[in-house]
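Examination of the molecular architecture
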Amino acid sequence: MTETISDIGAHLGYWLRTVSNAVSQSFALNVEAEGVTVAEWVFLRMLYDVESIAPSQLAERMGMTKGAISKLADRLVEKNLVSRDAKPDGKRGQTLMLKPAARELVPRLAELADRNDAMFFGGLSPEERGELERLLRLIARERGLSDIPVS
C-alpha cells in the first residue's frame, strides 16, 4: 500500500522560501555592487539612527553575538565606513560610529531596499501588501522571531 504524501507546492513554507530566496538574492546582489554585504547593510542601517553605540548594545538589537558584531565591525572599519572609539565617559569599552562615507552610503542602500521591495511586491494592492505584512508580523510574533535577518 502506497501512502499518499502532500505535494511540495502544497506547503506554505515552500512558497515563502521561494519568494524569500528571490527577494534576498536580488537585494544581496544590489548591495554587493555597492561594496557591502546584507549583514553589513543591516549593521550600517542600525548605526545610522544613533550617534554611537556600544558593540554589546548593537549585538542585542540585532540578535547577534558580540563576536559576530566584532567581525562585522572589523570589516566595516577596514572599509572606512565605521570607527571605533573609546567610550567618552572614560569607562572601559568602546563605541561604534558611522564615518561620513557611511552616512552617504546608507540612504543609497535604503533606496535599493525600497526598489527591491517595489520589484517584488509592487504588484500587490496596498491592501494586499498590508495584509501580507500583518500576517508575517503575526507569525513572527507568535513564534518569538525577533532577531533581525542578516543573511
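Quick look at the structure, then. Residue indices begin from 1 for each chain and proceed along its sequence in written order. Local features in a predicted model are, by the rule used here, given only for residues with pLDDT of at least 70; side-chain atom pairs are given and counted only at 80 or more, and totals for whole chains, interfaces and linings are based on all residues. Neither water nor hydrogens contribute to the side-chain values; these are computed over all heavy atoms in the structure.

Here's how the labels work: a residue is buried when its accessible area is under 20% of the maximum for its type, exposed when over 50%, partly exposed in between, all with a 1.4 Å probe on protein chains only. Helical segments are the DSSP runs of H or I of at least four residues, strand segments are the runs of E of at least two, and each set is numbered from the N terminus. For strand E2 (residues 94-98), a buried count of four out of five residues is recorded, marking the element as mostly surrounded by other parts of the structure. Here, a strand pair is defined by DSSP locating no fewer than two bridges between the strands. Bridging between strand E1 (residues 82-86) and E2 involves five bridges; their strand directions are antiparallel. Looking at the pairing, Arg84 lines up with Leu96 of E2.

For the rest of this paragraph, the subject is the packing of helix H1 (residues 12-32) against helix H5 (residues 100-121). Where H1 meets H5, the axes come as close as 10 Å, and the angle between the chain directions of the two elements is 145°. For the pair H1 and H5, the crossing hand works out as right-handed. Along the contact surface, H1 presents Val19, Ala22, Val23, Ser26, Phe27, Asn30 and Val31, while H5 presents Leu109, Leu112, Ala113, Asn116, Met119, Phe120 and Phe121. Under the scheme applied, nonpolar residues are Ala, Val, Leu, Ile, Met, Phe, Trp, Tyr, Cys and Pro; charged residues are Asp, Glu, Lys and Arg; polar residues are all the others, including Gly. Residues belonging to the contact of H1 with H5 are distributed by class as follows: 11 nonpolar, three polar and no charged. Think of each axis as a best-fit line through the C-alpha atoms, taken over the contacting stretch in the case of a helix, with angles from 0 to 180 degrees between the N-to-C directions. Handedness of a crossing follows from how the near helix is turned relative to the far one, being left-handed for an anticlockwise turn of less than a right angle and right-handed for a clockwise one. Pairs of residues are marked as contacts when any of their non-hydrogen atoms sit within 4.5 Å.

Every case where a carboxyl oxygen of Asp or Glu lies within 4 Å of a side-chain nitrogen of Lys or Arg is listed as a salt bridge. Scanning the entire structure with this criterion turns up nine salt bridges. Linking Asp49 and Arg45 is a salt bridge whose minimum nitrogen-to-oxygen distance equals 2.9 Å. Judged by its relative accessible area of 30%, Arg45 is partly exposed. When the shortest N-O distance is used, the salt bridge between Glu131 and Arg134 registers 2.8 Å. Placement of the pair is Glu131 and Arg134 together in helix H6 (residues 126-142), with a separation of three residues, close to one helical turn. Residue class for Arg134 comes out partly exposed when judged on its relative accessible area of 44%. Ionic contacts of the salt-bridge type, sharing partners, join the residues Glu40, Arg75 and Lys79 into one network.

Spatial relationships are all this shows, so hold off on functional conclusions.
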